[in-house]
Amino acid sequence: MNHNIVTPATVLSIKPMGENNASVCLLTKAEGILYAVLYGGPKSKLKSLVSTWNTGLVYLHFAKNSYKISDFDVKNYHLSFRENIYKSCAASLAAELCMKTHCAGNNERCWALVNGFISGLDSCSEHSAAVSGFMRFLWRYLDLLGVQPDCSFCVHCGNAIEEGFYVLGDNGFSCMNCSKSGSALRIDRRGLAFLSAVTSLLPEDAAKLELPEESAGLVKNLVFYLIESACGSSLLSLKTSAGIL
């Protein structure tokens, strides 16, 4: 049976398919991840609209067991991603997460989280703000996946924790007194305070938080480890952007 879909969508990836066509991966609000065929040569007006990171209203026609893009009304082009390699790499990781985890099983929440992130990232003029926004997004995505560790209390003694180490086997944090020597994933006081605030504050309030520069390396190491662990495999975006993210 043939049917049409009109839905808000963000273009996550485009892969050539044949001489003039392409396979497009879309993040949609209601359906989650969808793959659709884009027909037309390089001079096609529609092909110029269906570009990676563009967000808008997509018109899809389903026939012969596949979707075809019949129109795309772009609302946001996210042009800074084409000019800033850090933003491009961060957005690529967000896209890979959506595809690999199938929107964490919650299409609408994933849509809101990812599009809020890329819109905020697009508006960042300072690198430090982009880094902070990226870490906030990844920490929230861990919550969406249901695996965000509690950073309020030590998993060993139960006391409130201000700094310490992530405990791999318990998916939690150990305070400095309970931590074993040789623990690798350390988190300092300001880094832990940043993650705690992202968890407890409303998104609009957390958006004002900046990750202290001296804590950024520790937080990145921790969050990247947790994200790959949650996915159950290494992420290509992290490998290809080594030294950038």
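## Brief notes about the overall build of the protein chain
Along its length, the protein chain carries eight helices and nine strands. Relative to its length of 245 residues, the protein chain is compact, with a C-alpha radius of gyration of 20 Å against a globular reference of 18 Å. Viewed in the frame of its principal axes, the protein chain has a C-alpha envelope of about 65 × 40 × 30 Å. For the protein chain, the share of sequence-separated contacts (at least 6 apart) that also reach a separation of at least 24 residues comes to 57%. In the form shown here, the protein chain has an accessible surface area of approximately 12300 Å², with 51% of it arising from carbon and sulfur atoms. Computed over 21 positive and 21 negative side-chain charges, the inter-centroid distance for the protein chain is 8 Å.

## Structural notes on the side chain of Arg140
Tracing the sequence through the fold places Arg140 in helix 4 (residues 127–145). Asp143 provides the closest opposite charge to the buried, salt-bridge-free Arg140, at an N-O distance of 7.5 Å. Excluding residues within four positions of it along the chain, Arg140 makes contact with Leu113, Gln148, Val198, Pro203 and Ala206.

## Looking at the sheet that holds strand 8 (residues 172–175)
The strand order across the open sheet formed by four strands is 6-8-7-9, and the pairing between neighbours is mixed. This sheet does not close on itself; its edge strands, each paired only once, are strand 6 (150–154) and strand 9 (186–187). In this sheet, strand 8 lies alongside strand 6 in parallel orientation, the contact comprising two bridges. Bridge assignment links Cys154 to a residue of strand 8, and that residue is Phe173.

## With respect to the packing of helix 4 against helix 5 (residues 189–200)
Two numbers describe how helix 4 lies on helix 5: the axes approach to 10 Å, and their chain directions differ by 60°. The orientation of helix 4 relative to helix 5 falls into the category oblique. Between helix 4 and helix 5 lies a crossing whose hand is right-handed. Residue-level inspection shows Ser132, Met135, Arg136, Trp139 and Arg140 of helix 4 in contact with helix 5, the latter providing Phe194, Leu195, Val198 and Thr199.

## Digging into the sheet that holds strand 1 (residues 3–17)
Read around the barrel, five strands follow the order 1-2-3-5-4 and close on themselves; strand pairing throughout is mixed. Neighbour-to-neighbour, the strand axes of the sheet open up by a mean angle of 50°, direction not taken into account. Pairing of strand 4 (residues 55–63) with strand 5 (residues 66–76), which is carried by nine bridges, proceeds in the antiparallel orientation. Along strand 5, the bridge assignment pairs His61 with Lys68. Of the strands in this sheet, strand 1, strand 2 (21–28) and strand 3 (32–38) touch helix 2 (residues 85–101), which is tilted by about 115° from strand 1. Sheet strands touched by helix 3 (residues 107–123): strand 1, strand 2, strand 3, strand 4 and strand 5. Its angle to strand 2, the strand with the most contacts, is close to 105°.

Rules used in this analysis
Starting from 1, residues in each chain are numbered consecutively following that chain's sequence as written. Note on the predicted model: pLDDT of at least 70 is required for a residue's local features to be given, and 80 or more for side-chain atom pairs to be given and counted; whole-chain, interface and lining totals, by contrast, use all residues. As a rule here, side-chain values cover all heavy atoms of the structure and leave hydrogens and water aside. Secondary structure follows DSSP: runs of H or I at least 4 residues long count as helices, runs of E at least 2 residues long count as strands, and numbering of each begins at the N terminus. Only the C-alpha atoms count toward the radius of gyration. The rule for a globule is 2.2 Å times the residue count to the power 0.38. Note on definitions: a residue-residue contact is assigned when non-hydrogen atoms from the two residues lie within 4.5 Å. Only the protein chains shown count as cover for residues, with accessible areas throughout obtained via the Shrake-Rupley method and a probe of 1.4 Å. In this tally, Asp and Glu contribute negative charge and Lys and Arg positive charge; neither His nor the terminal groups of the chain are included. Each charge is placed at NZ for Lys, CZ for Arg, CG for Asp and CD for Glu. Buried residues are those whose accessible area, probed at 1.4 Å on protein chains only, stays under 20% of the maximum for their type, while exposed residues exceed 50% and partly exposed ones sit between those limits. Put simply, a salt bridge is a Lys or Arg side-chain nitrogen that is within 4 Å of an Asp or Glu carboxyl oxygen. When DSSP locates at least two bridges between a pair of strands, those strands are taken to pair. The axes are straight lines fitted to the C-alpha atoms, using for helices just the contacting stretch, and the angles between their N-to-C directions are given from 0 to 180°. When describing relative orientation, an angle under 35 degrees is termed roughly parallel and one over 145 degrees roughly antiparallel, while 65 to 115 degrees is termed roughly perpendicular and anything else oblique. Should the near helix be turned anticlockwise from the far one by less than a right angle, the crossing is left-handed, and should it be turned clockwise, the crossing is right-handed.

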